[in-house]
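# Analysis of the macromolecular model
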Amino acid sequence: MKRRSFVKLSAVGLVASIVKPALAADEDMISDPLFPSYDGEAKMISTWSHGQEANRAGWKLMEEGKSSLEAVEAGARHTESDITNRSVGIGGMPDREGHVTLDACIMDWNSNCGSVGFLEGIAHPVSVAKHIMQNTPHIMLVGAGAKQYALKNKFETIKTPLPEVKKEWEKWKKEQAAIAKKPEINHENHDTIGLLAIDDQGRISGACTTSGWAYKLPGRLGDSPIIGSGLFIDQEVGGAVATGLGESIIRIAGSHTVVELMRQGKSPEQACKETVERLIRKHKDMSGLQCAFIAINTKGEVGGYSVFNGFNYALKTKNQDVLVDTLFDRKW
Ligand code: SD4
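Heads up: these notes are all about the structure in this document. (Residues numbered from 1 in each chain as written. Predicted model: local features only at pLDDT ≥ 70, side-chain atom pairs only at ≥ 80, totals over all residues. Heavy atoms only, no water.)

Another point: the overall build of the chain. Counting its regular elements, the chain contains nine helices and 13 strands. For the chain, with 332 residues in total, the buried portion stands at 55%. In the chain, 67% of the contacts between residues at least 6 apart in sequence involve partners at least 24 apart. Total accessible area on the chain is roughly 15,000 Å²; 52% of this is exposed by carbon and sulfur atoms. (Helix = DSSP H or I, 4+ residues; strand = E, 2+ residues; numbered from the N terminus. Buried < 20%, exposed > 50% of the residue type's maximum accessible area, 1.4 Å probe, protein only. Contact = heavy atoms within 4.5 Å. Areas by Shrake-Rupley, 256 points an atom, 1.4 Å probe, with all protein chains shown as cover.)

Before going further, it helps to examine the nonpolar core. Counting residues in hydrophobic clusters, the biggest one holds 44 residues, and the most contacted among them are L196, V258, L279, F293 and V307. Element by element, the count of residues in this core is highest for strand β9 (residues 291–297), at six residues. The contacts of L279, once residues within four sequence positions are left out, are S248, I249, I252, L289, C291, F293 and V307. Counting 30 residues, the second-largest nonpolar core is a separate cluster that includes A42, A71, I106 and A150. (Core = buried A, V, L, I, M, F, W, Y, C linked by side-chain atoms within 4.5 Å.)

Right, let's talk about the packing of aromatic side chains for a bit. Counted under the stated rule, the structure contains three aromatic pairs. Relative to F311, the ring of W48 lies with its centre 4.8 Å away and its plane at 85°, an arrangement referred to as edge-to-face. A residue pair is termed long-range when its members are at least 10 positions apart, and W48 in the loop between β1 (43–47) and α2 (51–63) and F311 in the loop between β10 (302–308) and β11 (312–316) qualify at 263 residues. With a centroid separation of 4.1 Å and 15° between ring planes, the pair formed by W172 and Y215 is classed as stacked. Of this pair, W172 sits in helix α6 (residues 163–174) while Y215 sits in the loop between β6 (204–210) and β7 (231–234), placing them 43 residues apart in sequence. For W172, a relative accessible area of 9% translates into the label buried. Geometry around W109 places R203 over its ring, the cationic atom sitting 4.7 Å from the centre. (Phe/Tyr/Trp six-rings, centres within 6.5 Å; stacked < 30°, edge-to-face > 60°. Lys NZ or Arg CZ within 6 Å of the ring centre and 35° of its normal.)

With that settled, consider the environment of L245. With respect to the secondary-structure elements, L245 resides in the loop between β8 (238–244) and α7 (246–251). Judged by relative accessible area, which is 8%, L245 ranks as buried. Between the C-alpha atoms of L245 and L289, which are 44 residues apart in sequence, the distance is 6.4 Å.

Pairs can form between side chains of opposite charge whenever their charged atoms are close. Going through the model one piece at a time under the given rule, you end up with 15 salt bridges. Between R220 and E247 there is a salt bridge, and its shortest N-O distance comes to 2.7 Å. Taken together, the positions of R220 in the loop between β6 and β7 and E247 in helix α7 put the pair 27 residues apart, joining distant regions of the chain. A residue is classified by how much of its surface remains accessible, and R220, at 12% relative accessible area, is buried. It is possible to trace a salt-bridge network through shared partners that takes in D234, E236, E260 and R263. (Salt bridge = Lys/Arg side-chain N within 4 Å of Asp/Glu carboxyl O.)

This paragraph deals with the packing of helix α8 (residues 254–263) against helix α9 (residues 268–281). Direction vectors running N to C along α8 and α9 enclose 135°, while the axes themselves pass 8 Å from each other. One finds that α8 runs oblique with respect to α9. Both α8 and α9 take part in a crossing whose hand is right-handed. For the pair α8 and α9, the contacting residues are G254, T257, V258, L261 and M262 in the first and P268, A271, C272, E274, T275 and R278 in the second. Along the lines of polarity and charge, the residues of the contact of α8 with α9 split into six nonpolar, three polar and two charged. (Axes fitted to C-alpha atoms, helices over the stretch in contact; angles between N-to-C directions. Parallel < 35°, antiparallel > 145°, perpendicular 65-115°, else oblique. Left-handed = near helix turned anticlockwise from the far one by under 90°. Nonpolar A, V, L, I, M, F, W, Y, C, P; charged D, E, K, R; others polar.)

With that settled, consider the environment of K216. Mapped onto the elements of the fold, K216 is located in the loop between β6 and β7. With relative accessibility at 3%, the residue K216 sits in the buried group. If we ignore the near neighbours within four places in the chain, the residues touching K216 are P94, D95, R96, T101 and S211.

Glancing now at helix α4 (residues 125–135). In terms of residue burial, α4 counts as a mostly covered element, since eight of its 11 residues are buried. Three or more residues of α4 are buried, namely P125, V126, S127, V128, A129, K130, I132 and M133. Where α4 is buried, its residues contact α3 (68–80), β2 (102–107), β3 (113–119), β4 (140–142), α5 (143–152) and β6.

Quick look at the sheet that holds strand β12 (residues 321–325) now. If you walk across this open sheet you meet the eight strands as β4-β3-β2-β6-β5-β1-β11-β12, and the pairing is mixed. Taken across any chain shown, the strands that pair with only one partner, and hence form the sheet edges, are β4 and β12. Each neighbouring strand pair of the sheet contributes to a mean axis angle of 10°, computed without reference to strand direction. Bridge count for β2 against β6 is five bridges, and the pairing is antiparallel. (Pairing = 2+ DSSP bridges.)

Looking at the element boundaries, T79 is found in helix α3. Setting aside residues no more than four positions away along its own chain, T79 makes contact with H50, A54, N85, V88 and I193.

The structure is reproduced here in structure tokens:
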């Protein structure tokens, strides 16, 4: 090997080893004292009512003995394929210029994470995020680079927007909505999916996938692909995921905040509530500003909380498959 290519390769190897998280590197558990053995049951929670179907898709894999990581990916993929969902995957609403651009991320119990943003024409952004996590020294790829990566790795392509979505966008364009129009995100337009799972070994993973704010400015990223905002997992504590107006969630690093409050001893529900209260303190104008968090801790306890009423999450265990209405701060 020529010296120069050897040096290049070594540099890549060096980066790869530097960026690997300091925790256990294997898929498998976890003889680390940070991770005591888990005697609770496997569990999955996902935002909104479509989370039930996503949970079922993920649950199947956990029943086959697959990890929580495989489960959240399968759940997210299920929703990404749903042509009736207007803020995730193939059925998503476009930006102001008619492009459906997708954001997603995924994170596991070893603090491995991957993310894509502003990705167009790819069916399963969550799987691209996982691929980046498992095969590159990077965490986040966006836009043309993310697309190039997905195509190179033979990810399935899609044509968006769907014809019926395009019609809606054309109507909207005619109506000439003002650029500073209030978010389309409200209690009727919330479909982003965030998923958290703990498997029977106690390993926690999460995923989040969205087409974001309808008619956003081209290039806009919300919270969903941002580790710490849309999703955060720390196996020492638990995990959290967010839905709602991304700009407000980023402002308080929402999901990380939930996890840090759990680290201080708060229950998942209490941690979500305090995070919602913090978010509210940072915003003068709360009209239409719906946001919600769900969380899970290493004991397998779960909870959620939202700014306004109307939020729920789906919970799946061996014996349960239910929708849970969360408590909230205020009524619409
Ligand atoms: C975003 N958080 O892009 C996402 C949107 C969302 O329910 O959650 N909608 O801001």
